[in-house]
Amino acid sequence: MSFRYRSGSVELSECTRNPGFRDAEDGESEADNINAVAGDKQDSSAVKLDTPEEEYTQIKPYAGMPKEVLLLYSSRARYRVPREILFWLTVACTLALVALTITVIALSPGCLSWWQASPVYQVYPRSFKDSDGDGVGDLKGVLQQLDHFQYLNIKSVWISPFYRSPMKDFGYDVEDFRAIDPLFGTMKDFEDLLAEMHNKGLRLIMDFIPNHTSDRHRWFNLSRSRDPHYSDYYVWVDCNATGPKPNNWVSIFGNSSWTYDEVRGQCYLHQFLKEQPDLNFRNPDVRKEIVDIIHFWLEKGVDGFRMDAVKHILEAAHLRDEPQVDPNRPPELVTTEWDLYHDYTTSQVGLHDLLRGWRAEMDTYSREPGRYRFMVSESYDYHEVDKTMMYYGTPQVRESDFPFNFYLLDLPQNTSGLWAQQLVNLWMSNMPRGKWPNWVVGNHDRPRIASSAGPQYSRVINMLLLTLQGTPTTYYGEEIGMENINITDSEVQDPAGKYNTSLSRDPQRSPMQWSDDLNAGFNTKANLTWLPVHPDYRTVNVEVQKNVEGSILAQYRFLNTLRQAELPLHRGWFCYVHADENVFSYIRELDGLDRAFLIVLNFGKESATTDFSSVHELPDQLEVLLSTNHINDGRVLQKSRVPTEAGEGLLIQYSTHTRFNPTHPEECYISEKACYLKVIDILYKC
């Protein structure tokens, strides 16, 4: 601080004092003072200031020094060299970090998407949970049970149709694609369900039915009235009420695919029920309508679509008769889909162009990180597996993320290890390279696997489903071993069953068994259910099995959690090891990881002992991590003698540095090869 005298007053002024500076006293000039300091300190430096005659001498740098002093000291080697070293070291480290980041990104395999990481759980909404007591499940009921999915570590939920519908085919006959049927709730109920699912980290897959509508749809009513815009929205052909049909095509539900409409005076095509007229996808206006509907639901925030009955979308324009399976069969006796080769009503040229177009529309909504929109196709192609594989698309043009794989539905036809391997290999050996497999053992159209294969095989089939490479699909109730119910003629609800009771799909659609309460906890407000509850619900239900160690539910949950936690199980190699009349066995391993899994599944009708001595990559002793027979958990076995009971599955974890896949490439499959680098705990392409 200094004092200034101005006009008879004294002012205080802030200043910075230099310890090496001495005020001029007794007439000494500043220059004399500076020279005196210089004489005392021989190593000081001189700086030329703005005034030429002044010279400033300072011993060392100090805070608040002028620019000239700073430049003087900064140019000295002892200051300059460390500074330059630090600068270039920073540059080198930055470049090395950028190079390392680029290398890691380039070498890292793609992360699994949500539809690959978790099983897909199918909810049949009529039968899942009734929230309002009318005996039919609804969207609020699904909302009430979201914790069940989290308990199972399920992330992907597919809900069967809940559009506004006359319910001739329980929702697959759509009256309005943009409305919720009052039976299931309101649009607000749907929006609340979707929002809460996303809050809980769950994804919602909707059923989408592009092939047909209900005959009560506005489009059909306008088309039958020959409205100029809607006239060709459906497939119409000249015919009369009493004359022959346009051709011999038959419906999936039996009898002719053609029905005469008195309003229009023509026949319309329906490959399913007569109340489900087929749309005419050769009409560009129809194609645009479907794209607009896709946009509507994607804007709502749905995470994906299951495209229903896609192989039926297009039919041959020439409308020729299809060839008969038995050429000698009288034409009037050709009444079922099995009587014809469907050369002109399924998988027509142009079908995949439509699907790829829908895929492209969905991709525009997948650009937001973490919001990938999933697409799966449904097509029963039976022995024509090559047709099914076409739904994967091509290396240049994407289509479905995968088509549903229904071949494991045939497991009950021959319960043996060889048959199980054959069904698995049918898909793996035909799947395009680099694509992702999936597995289905039950749905709303097929008998429950616990009934068709036998309840003793429920656990081993779940173990198969959750340890194969790819995405498993679980039909509601399979996690607790639900079985079909018995239906009397008076109880039949399914339209197919009303034509033929033996074809009814009602038995596999009974209400979900939540507890041993009234109606198995499905409807706790009234003693009313749209189908009977299975009589075993007091012991086969979620609540009971949650409290039983080693229950089907507990084992399902353990396997699913392990699958998502262990790299070999969810993205590692899948290698066949053994198959015979009883046992099917395979290895799951990942290059670079010192642990792997051996899965031993007995699908036979008797106990078996399997000798793995020829598999040199396995250690001599094997410890059972999980057995479907709970008492065998933790058991240590010799690899030369691995016993299993009929219907028993073993999950064995072992340590090894020797991989099976390099020496058995013809027995092994992987969608995207990756290796584990233990030093820095990362996966890389190899």
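## Re the overall build of the chain
Of the regular secondary structure elements, the chain holds 19 helices and 28 strands. Compactness check: the chain gives a C-alpha radius of gyration of 37 Å against a globular reference of 26 Å for 686 residues, more than 25% above the reference. For the C-alpha atoms alone, the extent of the chain along its principal axes is close to 135 × 75 × 50 Å. When each of the 686 residues of the chain is scored for burial, the buried share is 53%. Sequence separation of 24 or more characterises 67% of the internal contacts of the chain that already satisfy a separation of 6 or more.

## So, the sheet that holds strand 6 (residues 156–159)
Taking strand neighbours across the sheet as the criterion, the 8 strands line up as 15-14-13-9-6-5-17-16 in an open arrangement whose pairing is parallel. The sheet terminates laterally at strand 15 (402–403) and strand 16 (438–440), the two strands that pair on one side only. By the bridge criterion, 4 bridges tie strand 9 (residues 203–208) to strand 13 (residues 304–307) in an arrangement that is parallel. Counted as the bridge partner of I205 is G304 from strand 13.

## Considering the side chain of H352
Mapped onto the elements of the fold, H352 is located in helix 11 (residues 351–363). By relative accessible area, H352 is classed as buried at 13%. A distance of 2.7 Å separates polar atoms of two side chains, one belonging to H352 and the other to E399. Residues within four places of H352 in sequence aside, it is in contact with M390, Y391 and E399.

## Quick notes on the state of the cysteines
In the structure shown here, the tally under the stated rule is 3 disulfides. Residue C239 pairs covalently with C267 via a disulfide, S to S 1.8 Å. Torsion about the S-S bond of the C239 and C267 cystine: about 95°, corresponding to right-handed handedness. Pair noted here: C239 is in the loop between strand 10 (236–237) and strand 11 (258–261) and C267 is in strand 12 (residues 266–269), with a separation of 28 residues, a long-range link. C267 carries the same exposure label as C239, and that label is buried. A disulfide bridge connects C575 with C668, and the sulfur atoms are separated by 2.1 Å. The sign of the 120° torsion about the S-S bond sets the C575-C668 disulfide as right-handed. Linking C575 in strand 18 (residues 573–579) with C668 in strand 26 (residues 668–669), this pair joins segments that are 93 residues apart in sequence. The two residues C575 and C668 agree in class, both being buried. Sequential numbering of the bridged cysteines in the chain gives the disulfide pattern 1-2, 3-4, 5-6. With no disulfide of its own, C111 lies closest to C686 among cysteine sulfurs, the gap being 16 Å. According to the relative accessible area criterion, C111 is exposed, its value standing at 76%.

## Some remarks on the packing of helix 10 (residues 284–300) against helix 11
At a closest axis distance of 10 Å, the pairing of helix 10 and helix 11 adopts a crossing angle of 30°. Seen from above, helix 10 lies across helix 11 with right-handed handedness. Facing R287, I290, V291, I294, H295 and L298 of helix 10, the residues of helix 11 in contact are L354, W358, E361 and M362. The class makeup of the residues in the contact of helix 10 with helix 11 is 7 nonpolar, 1 polar and 2 charged.

## Focus on the environment of K678
Inspection of the secondary structure assignment puts K678 in the loop between strand 27 (675–677) and strand 28 (682–684). The sequence separation of K678 and P369 amounts to 309 residues, and the corresponding C-alpha distance is 28 Å.

## A few points about unusual backbone geometry
Notably, F170 is not glycine yet its phi reads approximately 50°, a positive angle. Residue placement: F170 occurs in the loop between strand 7 (163–164) and strand 8 (176–180). Note on F170: relative accessible area 6%, which makes it buried.

## Notes on the confidence of the model for the chain
Taken residue by residue, the chain gives an average pLDDT of 90. The fraction at 70 or more is 91%. A low-confidence stretch, residues 1–56 (pLDDT under 50), is modelled with 57 contacts involving residues beyond four sequence positions or located in other chains.

## Notes on helix 10
The end-to-end C-alpha separation of helix 10 is 25 Å, in line with the 24 Å expected for 17 residues at 1.5 Å each. Restricting attention to buried positions, one finds in helix 10 the residues V286, E289, I290, V291, I293, I294, W297 and L298. The backbone nitrogen of D285 lies 2.8 Å from a side-chain oxygen of the residue at the head of helix 10, namely N283. G301 sits one or two positions beyond helix 10 and adopts a positive phi of about 110°.

What counts, and at which threshold
Residue numbers restart at each chain and count upward from 1, following the sequence in its written direction. The model is predicted, so local features are restricted to residues of pLDDT at least 70 and side-chain atom pairs to those at 80 or more, both for listing and for counting; the totals for chains, interfaces and linings are taken over all residues. For the side-chain quantities, the full set of heavy atoms in the structure was used; hydrogens and water were omitted. Under the DSSP-based scheme used, a helix requires at least four consecutive residues in state H or I and a strand at least two consecutive residues in state E, with every element numbered from the N terminus. Only the C-alpha atoms count toward the radius of gyration. The rule for a globule is 2.2 Å times the residue count to the power 0.38. Residue exposure (1.4 Å probe, protein chains only): buried if accessible area is under 20% of the type maximum, exposed if over 50%, otherwise partly exposed. Two residues qualify as a contact provided that any one of their heavy atoms is within 4.5 Å of a heavy atom in the partner residue. Strands were regarded as paired on the criterion that DSSP finds at least two bridges between them. Pairs of N or O atoms within 3.5 Å make up the polar contacts considered here, provided that, within protein, one atom can donate a hydrogen while the other can accept it, and that residues adjacent in sequence are counted only when both atoms are side-chain atoms. The term disulfide is used for any two cysteine sulfur atoms that are within 2.5 Å. An axis is simply a line fitted to the C-alpha atoms; with a helix, the fit covers only the stretch in contact. Between two such axes, the angle follows the N-to-C directions and lies from 0 to 180 degrees. The sense of a crossing depends on the near helix, which, turned anticlockwise from the far helix by less than a right angle, makes the crossing left-handed and, turned clockwise, makes it right-handed. Charged means Asp, Glu, Lys or Arg here, nonpolar means Ala, Val, Leu, Ile, Met, Phe, Trp, Tyr, Cys or Pro, and polar covers whatever is left, Gly included. Confidence scores here are pLDDT values: one per residue, from the predictor, ranging 0 to 100. Take the residue count of a helix, subtract one, and multiply by 1.5 Å to get its expected span.

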